[in-house]
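Listed below are the residues making up each chain.
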Amino acid sequence: MEETRQVQGTWDLSTFKFRIEGEGINNMLKEMKEAKLLGNRCHQCGTVYLPANFYCRKCHIAIHEPAEISDHGEVMSYTVGYADVRGNPLDEPRVSLMVKLDGSDTWIMGAGEEMKPEDVHIGMRVKIKWAEHRVGNLQDMESFIPE
Ligand SMILES: [Zn+2]
């Protein structure tokens, strides 16, 4: 039986930054301009990564084989936020999702829109809502909406 846990806490994420680079990620961003997702696959174990990774985390080898990924997937985990990163109450609860897109073995995070927090559940089918004017960056994926 799976157990659902609630964690009460405060984290200051205002200084959180990360850097992504490499051939795979650059190809992925280029394809996103066309509303397509391109990850990559390990030629040894077959694991498919999105975002594309420059090495396989299981085999520890460089990987270059592109893999097309669907923009539809399944909610694997989620969080409902009621305050911003500084603790100020939000006007509306904010849904954040971890989604495993069809064709990928990894999860990506994104905002959930057009869904009530009480309707979100693990296993829920969602799809990416693409930005109308895409420029080839991560903001081209606006959010996840119900399938
Ligand atoms: Zn591998």
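Above this text sits the structure in question.
Quick caveat: nothing in here was measured; it's all calculated off a predicted structure. (Residues numbered from 1 in each chain as written. Predicted model: local features only at pLDDT ≥ 70, side-chain atom pairs only at ≥ 80, totals over all residues. Heavy atoms only, no water.)

A. Quick look at unusual backbone geometry. In this model, L50 is joined to P51 through a cis peptide bond whose omega is 0 degrees. Checked against the element boundaries, P51 lands in the loop between β2 (48-49) and β3 (65-69). Despite not being glycine, H60 shows a phi value in the positive range, around 55 degrees. By the secondary structure assignment, H60 is in the loop between β2 and β3. Looking at H60, the relative accessible area reads 61%, which means it is exposed. Positive phi outside glycine occurs at E114, with the angle close to 60 degrees. On the secondary structure map, E114 appears in the loop between β6 (108-112) and β7 (125-130). (Helix = DSSP H or I, 4+ residues; strand = E, 2+ residues; numbered from the N terminus. Buried < 20%, exposed > 50% of the residue type's maximum accessible area, 1.4 Å probe, protein only.)

B. Spotlight on the coordination of the zinc ion. Looking at the zinc ion, one finds its protein donor set to be C42 (SG), C45 (SG), C56 (SG) and C59 (SG), positioned 2.3 Å from the metal centre. If you look at the zinc ion, its four donor atoms make angles of 106 to 114 degrees with each other, and the shape they trace is tetrahedral. Written as a sequence motif, the donor arrangement for the zinc ion is C-x2-C-x10-C-x2-C. (Donors = N, O, S within 2.8 Å, 3.2 Å for Na, K, Ca; no water. Tetrahedral: all angles 85-135°; square planar, octahedral: opposite > 155°, others 65-115°.)

C. Spatial organisation of the sheet that holds strand β1 (residues 37-41). Judged by pairing direction, the sheet is antiparallel, and its three strands sit side by side in the order β2-β1-β3 without closing on themselves. Looking along the sheet, the strands with just one partner apiece sit at the ends: β2 and β3. As judged from the two bridges shared by β1 and β2, these two strands associate in the antiparallel manner. Looking at the pairing, N40 lines up with Y49 of β2. (Pairing = 2+ DSSP bridges.)

Function-wise, these values are silent; they only describe arrangement.
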